[in-house]
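Given next are the chains, with one letter for each unit.
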Amino acid sequence: MTSDTTYAPPEDLDARRAMALKVGAVGLVACAFGYGFAPEHFFRSWLIAYLLFLGIALGSMGLLMVQHLSGGAWGVFRRVFEASSRTLPLMAVLFLPIAVGMTSLYPWSHPELVQNDAVLTHKAPYLNSVFFMVRALFYFVGWTTIAWTLSRWSRLQDEGDMSVNIKLQYLSGGGIVFYTLTATFASVDWLMSLNPHWYSTLFGFLFVGGQGLSALAFTIIVSTFLVRRAPMASLFKPSHFHDLGKLSLAFVMLWAYFNFSQFLLIYAANLLEEIPYFIARITHGWQYLAIFLVVFHFAVPFSLLLSRDNKRMPHRLVWVALAILVVRYIDLVMLVSPEFDAAGVNLHMEAGEHEGGFYLHWLDLAAPLAVGGLWAWMFFTQLAQRPLLAFRDPYLRESLETTGGH
Amino acid sequence: MAAAPGHSHDGVADGGNMRPIPPVIAPGHTFESVTEKIGGIVLTKRTQIGWLVGFAIGFALLMLMNMTIGQLLFVGIGVFGNNNPVGWAFPIINFVWWIGIGHAGTLISAILLLFRQQWRTSINRFAEAMTLFAVACAAMFPLLHTGRPWLAAYWLFPYPNSMGLWPQFRSPLIWDVFAVSTYFTVSLLFWYTGLVPDMATLRDRAKSKAGKVIYGMLSLGWRGSARHWHRYEMAYLLLAGISTPLVLSVHTVVSFDFAVSVVPGWHATIFPPYFVAGAVYSGFAMVMTLAIPLRKFYGLEDFITMRHIHNMTKIMLVTGMIVAYGYANEVFFSWYSANMYEGYMMHNRMTGPYAVFYWSLIAINACMIQLFWFRSVRDNVGLLFVLSLLVNVGMWLERFIIIVTSLHRDFLPSSWDMYQPTRWDFAMFAGTIGLFLSLFFLFIRFLPALAIFEMRTIVPEAKLQPEQHG
């Protein structure tokens, strides 16, 4: 190990942070306009963008807990995961527009709709405005508590308190169970209930798997930034990127596996309560986006990540990771937008026939800038607060021994 | 607490108060002692009395299977308790149970190899053998459930016959034929490829003429040259790559057997990952059930160490928790779906005539496995043996619940009926256990149950290298 044990963040991190804030501010202004002119689209777009960055934060927390339990060389990226997971309080704040826009997004929040619909009446004990908010509050309190406790113990570890090591493992064990269960219910609340008649038991896995992939892609991007600068330039090895690449490949395959399974089972059964979800997504122009996702969310990253060199060389891997983040966003568009018509009205909100069809709104570009800018600002702020290497990590020696020579 | 002295390669944490991780091989072993110990089990002339007793039990049950098959072919498929509406009971339950057990072998041999998990080394050989035998047992059921297995060729395979009969390609059952036969073929190749260098070791060490000849033929002319090793490593890695998707695909297709239908309790999109997790879970339980007596009776505690026991328990905990998630998920969505048939299905499972099996299943697979969180449980080998047997029971009950409760009361109350297995159902199930035990006992007597040459790579001698490079 080098004599420098501060592992201070590189000089130009502040510039990135300031830049992120500017992007976020521009995005916010654009969103404010959007809210004025097209409030329906604003809430929908905000939801999509919000879920992307929430996914990075939560996925990072999940991977961090897996790392505490499993060990492994990819633990050198722990501080990136920790900084991402410490953005969760900001995500709780950014959830507010969704709470405000509940009636615009979710049909079950309209009592008159619920009264006239036997299915919604049946689901009302779960799908109602008060319980929705209570659950959201519960998720955020739980997630934030876990993320900050992990982070606090991690700082104690830096200060030499080795008694936290076992506590980190205990909390991670319980935390993973908590995260998986709450994320499943969050996926029902925030996404599945956009079409309140539809259900799929696999949906929670899809949601969690997507978050893991987003988190890995983001970690690759940040780590590529770090590996080009002191002090991490000498510490992140090709083998470490290789591990992130392999994990990304596994998550890309999982995404395809879950989606294919869900599609095949619902398509083959062709049941009235299930099939509308896919009819909405394989007709009216959305089918092109579906094909796009099959190619660019699966086939292309899968082929690229098979290559050993692409995984080991950060300057190549980072492009795959950037592309993955983009398709993650498009995947979320696919989950949300086909439930709305081109005017931004939820298709299940109004009685009578009205058809959806492919559309994009300029807010779909503005919202990710707003949420992403603010989120990245928070992330860089958090990243700068700690040494970039968890230098007292009990698995660290093993991590750094894994040299790239073989 | 300070780290264990002599930091070893296997990741003992340094500087922390982490509890020490047991080694993958007990200290003090050399190339010679490993070869002697594992090869000795096979090459000894003296057959142990314990082995004879165990094999006799297995063989007796195997004879029971033969008798059942005779009865089945003579009388017909009516000897089983299958009825209408439960047209598909013990044969498919046992098929899925056995196929699931097979999964641990492939996971250990392929995925853990690709992830460079060194602890796989001493359990991979017999886990792979277990896979093969389990798949063989599984294959008995669909074959015999056809009632006339000699006609199965054109029922199961797309065989161009003069009657113009083709299988229904849209049915997952026919996908299953391909998935399972691919799985068996690749597993067999994988297992045999790994055995070749050990066969050569046995050939060289065999005292008897027959041993020399038989092991000599099985070793395919292996001389251990650098070129042989190079090709061997290449082939083994390739086979691992090919096997990896099979770990997922086989049980995914098995889950499609149910989930593609529209039967309440079967048609659930979570079935594929939930079945795969359940398969790995039951597979590791079976590896544990076999490994614990094996290490005890043959004194292999140095090779199958507490490290292996711990890791296997942890994998069972993870996969078991996914299975438990599946149960919770089913309960929530049977309500959330607002579908009366789904709702009734869950109500019937919990309070219907088979409720006792449902709650036993929950007690084992959702409650009991929480014990695996505790280190004291993971250290208690005797208890783990009992728990691993219970997991096998729990996973059998899971298939029973899924299959029988969904079928016996479906949409029309007028067609509801109860299912009662007959003694021939039980005889057939016990018979396949006999087949499995017989094959496994023969395997440990005549083939090296642990990979000798791979074990040699993890003894300290193998680590003595010139200056580390890189």
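Rules used in this analysis
- Residues numbered from 1 in each chain as written.
- Chains lettered and ligands numbered in written order.
- Predicted model: local features only at pLDDT ≥ 70, side-chain atom pairs only at ≥ 80, totals over all residues.
- Heavy atoms only, no water.
- Helix = DSSP H or I, 4+ residues; strand = E, 2+ residues; numbered from the N terminus.
- Rg over C-alpha atoms; globule rule 2.2 N^0.38 Å.
- Buried < 20%, exposed > 50% of the residue type's maximum accessible area, 1.4 Å probe, protein only.
- Contact = heavy atoms within 4.5 Å.
- Areas by Shrake-Rupley, 256 points an atom, 1.4 Å probe, with all protein chains shown as cover.
- Lys, Arg positive; Asp, Glu negative; His and termini not counted.
- Charge placed at Lys NZ, Arg CZ, Asp CG, Glu CD.
- Buried area = accessible area lost by both parts, 1.4 Å probe.
- Salt bridge = Lys/Arg side-chain N within 4 Å of Asp/Glu carboxyl O.
- Polar contact = N/O pair within 3.5 Å; in protein donor to acceptor, adjacent residues only side chain to side chain.
- Nonpolar A, V, L, I, M, F, W, Y, C, P; charged D, E, K, R; others polar.
- Core = buried A, V, L, I, M, F, W, Y, C linked by side-chain atoms within 4.5 Å.
- Phe/Tyr/Trp six-rings, centres within 6.5 Å; stacked < 30°, edge-to-face > 60°.
- Lys NZ or Arg CZ within 6 Å of the ring centre and 35° of its normal.
- Patch = residues over 30% accessible without salt bridge, like charges linked within 9 Å, V, L, I, M, F, W, Y side chains within 5 Å.
- pLDDT = per-residue confidence, 0-100.
- Axes fitted to C-alpha atoms, helices over the stretch in contact; angles between N-to-C directions.
- Parallel < 35°, antiparallel > 145°, perpendicular 65-115°, else oblique.

Student: Quick rundown of the overall build of chain A? Include the residues and the values.
Tutor: Within chain A, the secondary structure is distributed over 18 helices and zero strands. The globule rule puts the C-alpha radius of gyration for 406 residues at 22 Å, and the 21 Å found for chain A is close to it. The C-alpha extent of chain A, read off along each of the three principal axes, is 70 × 40 × 40 Å. By the burial criterion, 62% of the 406 residues in chain A qualify as buried. Residue pairs in contact within chain A that sit at least 24 positions apart in sequence constitute 81% of those at least 6 positions apart. Accessible surface computed for chain A: about 15300 Å², of which carbon and sulfur atoms make up 70%. Separation between the mean location of the 25 positive side-chain charges and that of the 26 negative ones in chain A comes to 12 Å.

Student: Can you tell me about the overall build of chain B, naming the residues and giving the values?
Tutor: Regarding its fold elements, chain B presents 17 helices and zero strands. For 470 residues, the compact-globule formula gives about 23 Å, and the C-alpha radius of gyration of chain B, at 24 Å, lands near that figure. Principal axes of the C-alpha set define a box for chain B whose edges measure 75 × 60 × 45 Å. A total of 470 residues make up chain B; the buried ones form 56% of that total. Contacts spanning at least 24 positions in sequence make up 80% of the contacts within chain B whose residues lie at least 6 apart. Accessible surface, chain B: about 19600 Å² in total, of which carbon and sulfur atoms supply 70%.

Student: Describe the interface of chain B and chain A, listing the residues and the values that go with them.
Tutor: With 39 residues of chain B at the contact, the number on the chain A side is 50 residues. For the pair chain B and chain A, the summed buried area comes to about 3900 Å², and 69% of that belongs to carbon and sulfur atoms. Linking chain B to chain A there are zero salt bridges. Linking chain B with chain A are twelve residue pairs in polar contact (both at pLDDT 80 or more), by the criterion used here. Of all the secondary structure elements, the ones that give two or more residues to the side of chain B that touches chain A are α8 (226–259), α9 (271–297) and α10 (306–336) of chain B. The element that contributes the greatest number of residues to the side of chain B that touches chain A is α10(B), accounting for eight residues. For the side of chain B that touches chain A, the class distribution of residues is 23 nonpolar, twelve polar and four charged.

Student: Describe the nonpolar core, listing the residues and the values that go with them.
Tutor: Core analysis: the biggest nonpolar cluster contains 277 residues, and W143(A), W190(A), W98(B) and F126(B) have the highest contact counts within it. Here this core gets 18 residues from one element, more than from any other, and that element is helix α2 (residues 39–70) of chain A. F190(B), V196(B), L239(B) and A240(B) belong to the second largest nonpolar core, which has eleven residues in total.

Student: Please give an account of unusual backbone geometry that cites residues and values.
Tutor: Residue and element names in this part refer to chain B. Cis geometry is adopted by the peptide bond preceding P85, which originates at N84 and carries an omega value of 25°. Tracing the backbone through its elements, the reader meets P85 in the loop between α2 (49–75) and α3 (90–114). Positive phi, normally seen in glycine, also occurs at L220, with a value near 55°. Examined against the element boundaries, L220 turns out to sit in the loop between α7 (209–218) and α8.

Student: Account for the packing of aromatic side chains, naming residues and giving values.
Tutor: Residues and elements named next belong to chain A. Applying the stated criterion to the full structure yields 87 aromatic pairs over all chains. Ring geometry for W108 and F132: centres 5.1 Å apart, planes at 50°, overall tilted. Within this pair, whereas W108 is found in the loop between α6 (102–105) and α7 (111–115), its partner F132 is found in helix α9 (residues 129–158), the two being separated by 24 residues in sequence. Each member of the pair, W108 as well as F132, carries the same accessibility label: buried. Taking the ring centre of F131 as reference, the NZ or CZ of R135 above it sits at 4.4 Å. Positioned over the ring face of Y277 is R281, at 3.7 Å from the centre of the ring.

Student: Residue-level account of a nonpolar patch on the surface, with values.
Tutor: Among the surface-exposed residues, Y288(A), I291(A), F292(A), V294(A), V295(A), F296(A), V300(A) and L304(A) lie close enough to one another that they form a single nonpolar patch of about 690 Å² accessible area. With respect to the helices and strands, V294(A) occurs in helix α14 (residues 286–306).

Student: I'd like a description of helix α3 (residues 78–85) of chain A, backed by residues and values.
Tutor: Residue and element names in this part refer to chain A. Counting buried positions over the eight residues of α3 gives eight, a clear majority of the element. Where α3 is concerned, the buried positions are R78, R79, V80, F81, E82, A83, S84 and S85. For α3, the elements touching its buried residues are α2, α4 (88–94), α9, α11 (203–227) and α17 (363–384).

Student: Give a detailed account of a positive patch on the surface, specifying residues and quantitative values.
Tutor: On the surface, K45(B), K207(B), K209(B) and K212(B) cluster together into a patch of positive charge. Overall, K45(B) belongs to the exposed group, its relative accessible area being 69%.

Student: How would you explain the confidence of the model for chain B if you had to name every residue and give the values?
Tutor: Residue and element names in this part refer to chain B. Mean pLDDT over chain B stands at 86; residues scoring 70 or higher make up 94%. Across chain B, the element-wise mean pLDDT spans from 71 in helix α17 (residues 460–463) up to 94 in helix α12 (residues 355–367). Confidence over residues 1–16 falls short of pLDDT 50; this stretch has 27 contacts with residues more than four positions distant or in other chains. Both scores are given for the predicted complex: the pTM is 0.90, the ipTM 0.89.

Student: Before we move on, could you go through the environment of I25(B) and cite the residues and values that matter?
Tutor: Residue and element names in this part refer to chain B. Along the chain, the position of I25 falls in the segment before α1 (31–43). A relative accessible area of 8% means that I25 is categorised as buried. The spacing of I25 and R307 is 282 residues in sequence and 8.6 Å in space, taken between C-alpha atoms. Apart from the residues lying within four places of it in its own chain, the contact partners of I25 are V34, D302, F303, T305, M455, I458 and V459.

Student: I'd love a proper account of the packing of helix α12 (residues 238–269) of chain A against α9(B), names of residues and values included.
Tutor: Between α12(A) and α9(B), the shortest axis-to-axis distance is 9 Å and the interhelical angle comes to 120°. Here α9(B) runs oblique to α12(A), going by the angle between their axes. Residues Y257(A), F258(A), S261(A) and L265(A) of α12(A) touch α9(B), and the partners they reach there are P272(B), P273(B) and V276(B). Residues that form the contact of α12(A) with α9(B) fall into these classes: six nonpolar, one polar and no charged.

Student: Before we move on, can you summarise the packing of helix α1 (residues 13–37) of chain A against α2(A) with the specific residues and values?
Tutor: Residues and elements named next belong to chain A. It is the contact of α1 with α2, at a shortest axis distance of 6 Å, that shows an interaxial angle of 135°. If you check the angle between α1 and α2, you find them oblique. Together, L28, C31, G34, Y35, G36 and F37 of α1 and P39, F42, F43 and W46 of α2 make up the contact between the two elements.

Student: Report on the environment of G224(B), specifying residues and quantitative values.
Tutor: Looking at where G224(B) falls in the secondary structure, it is placed in the loop between α7 and α8. Distance in space between the C-alpha atoms of G224(B) and A200(B) is 8.4 Å, their sequence separation being 24 residues.

Student: Can you lay out the environment of L62(B) for me, pointing to particular residues and giving the numbers?
Tutor: Residue and element names in this part refer to chain B. Its location among the elements puts L62 in helix α2. A relative accessible area of 13% means that L62 is categorised as buried. A sequence separation of 366 residues divides L62 from M428, and the C-alpha atoms of the two residues are 9.3 Å apart. Ignoring anything within four residues of it in the chain, the contact list for L62 reads G431, G434, L435 and S438.

Student: A description of the side chain of H68(A) should follow, citing residues and the corresponding values.
Tutor: The topology assignment puts H68(A) in helix α2. Non-local contacts of H68(A), meaning those with residues more than four positions away in its chain, are made with R78(A), L150(A), L168(A), Q169(A), S172(A) and Y395(A).

Student: Break down the pattern of salt bridges for me, with residues and values.
Tutor: For side chains bearing opposite charge, pairing can occur when the charged atoms are close. Residue and element names in this part refer to chain A. In this structure the tally under the stated criterion is 16 salt bridges over all chains. With a closest N to O distance of 3.8 Å, R16 and D12 form a salt bridge. Exposure remark for D12: the relative accessible area of 24% places this residue in the partly exposed category. Between D189 and R135 there is a salt bridge; the shortest N-O distance is 2.7 Å. Note that D189 is positioned in helix α10 (residues 164–190) and R135 in helix α9, a separation of 54 residues in sequence. For the residue pair D189 and R135, the accessibility class agrees, reading buried in each case.

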